[in-house]
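# Notes for the structure review
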Amino acid sequence: MDIEFSLALPREAIGIPMVRRALGDSLRSLGVTEGCVSDILLAVTEACANAVRHGGPANRYEVEAAIGHGRCDVRIIDKGHGLLSVPEHYPPADTENGRGILIMQAVVDEISFDITPGRGTTVHLRKHLDWDEDAAFLRRRMLAAV
């Protein structure tokens, strides 16, 4: 089953829970394991937080999600200046920021960045899905009953 959706959100933290809810509910309804859902939501939260923090001068950013073919692809698109390079190491423990990209790399299977000066940044996250067999069985039974 394929699910696709896109959201245009204000560059404010209030939109991040909306993304988490829409994506998390979609994944759970398909029978994706809770651990897999948690990994995806963590990575997407970090990417959205970066778009909110660094996505200027525009006042909006977009999230595009596609679930199908055993994987989840999410693109977070902003109009910011982007990064000069991807950090290779975590910052010192006493540093408050700078771990988001490394966290994303740790919990998804693939991450890529498309940075176009003057046009913005797209973060592409991909995770192969793990299935909760009990939930998948119940979903098939419910669909068969319809």
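For the structure, see preceding data.
Residues numbered from 1 in each chain as written. Predicted model: local features only at pLDDT ≥ 70, side-chain atom pairs only at ≥ 80, totals over all residues. Heavy atoms only, no water.

## Observations regarding helix H2 (residues 34-54)
- Between the first and last C-alpha of H2 there are 30 Å, a value that for 21 residues agrees with the 30 Å anticipated at 1.5 Å per step.
- For H2, the full list of buried residues reads Cys36, Val37, Ile40, Leu41, Ala43, Val44, Ala47, Cys48, Ala51 and Val52.
- Elements that come into contact with the buried residues of H2 comprise helix H1 (16-29), strand E2 (60-68), strand E3 (71-78), helix H3 (100-107) and strand E5 (120-128). (Helix = DSSP H or I, 4+ residues; strand = E, 2+ residues; numbered from the N terminus. Expected span 1.5 Å × (residues − 1). Buried < 20%, exposed > 50% of the residue type's maximum accessible area, 1.4 Å probe, protein only. Contact = heavy atoms within 4.5 Å.)

## Looking at unusual backbone geometry
- The omega torsion of the bond from Gly56 to Pro57 falls at 10°, within 30 degrees of zero and hence cis.
- Here Pro57 lies in the loop between H2 and E2.
- If you check the backbone angles, His69 has positive phi at about 55° while not being a glycine.

## With respect to the pattern of salt bridges
- In the structure shown here, the tally under the stated rule is six salt bridges.
- Residues Arg71 and Asp73 are paired through a salt bridge, measuring 2.9 Å at the closest nitrogen-oxygen approach.
- Here Arg126 and Glu110 are joined by a salt bridge, their closest N and O atoms 3.8 Å apart. With Arg126 in strand E5 and Glu110 in strand E4 (residues 110-116), this pair connects stretches of sequence that are 16 residues apart.
- For Glu110, a relative accessible area of 39% corresponds to the partly exposed category.
- Members of the salt-bridge network, linked through shared partners, are Arg71, Asp73, Glu110 and Arg126. (Salt bridge = Lys/Arg side-chain N within 4 Å of Asp/Glu carboxyl O.)

## Remarks on the pairing of E2
- Across eight bridges, the pairing between strand E1 (residues 3-10) and E2 is antiparallel. Paired with Ala8 across the strands is Glu62, a residue of E2.
- As judged from the seven bridges shared by E2 and E3, these two strands associate in the antiparallel manner. Each residue of the ladder has a partner; that of Gly68, found in E3, is Arg71.
- Turn length for the E2-E3 hairpin, with the two strands adjacent in sequence and antiparallel, is two residues, and the turn residue His69 shows positive phi of about 55°. (Pairing = 2+ DSSP bridges.)

## Looking at the pairing of E5
- The buried fraction of E5 is high, at eight of nine residues.
- Two strands pair when backbone bridges link them, and E3 and E5 are joined in this way by eight bridges, in the antiparallel orientation. Its bridge partner lying in E5, Asp73 is registered against Arg126.
- Judged from the seven bridges that link them, E4 and E5 form a sheet pairing that is antiparallel.

## Brief notes about the environment of His69
- With respect to the helices, strands and loops of the structure, His69 is situated in the loop between E2 and E3.
- Separated by 59 residues in sequence, His69 and His128 place their C-alpha atoms 8.9 Å apart.

## A look at H3
- Along H3, the residues that are buried comprise Gly100, Ile101, Leu102, Met104 and Val107.
- Contact partners of the buried residues in H3: H2, E4 and E5.

## Structural notes on the packing of H1 against H2
- Interhelical geometry of H1 versus H2 gives an angle of 155° and a closest axis separation of 10 Å. By the criterion of interaxial angle, the relationship of H1 to H2 is roughly antiparallel. For the crossing formed where H1 meets H2, the hand is right-handed. Taking contact as the criterion, the partners of Ile16, Val19, Arg20, Leu23, Gly24, Leu27 and Arg28 in H1 are, on H2, Glu34, Val37, Ile40, Leu41, Leu42, Val44, Thr45, Cys48, Ala49 and Val52.
- Across the contact of H1 with H2, the residue classes tally to twelve nonpolar, two polar and three charged. (Axes fitted to C-alpha atoms, helices over the stretch in contact; angles between N-to-C directions. Parallel < 35°, antiparallel > 145°, perpendicular 65-115°, else oblique. Left-handed = near helix turned anticlockwise from the far one by under 90°. Nonpolar A, V, L, I, M, F, W, Y, C, P; charged D, E, K, R; others polar.)

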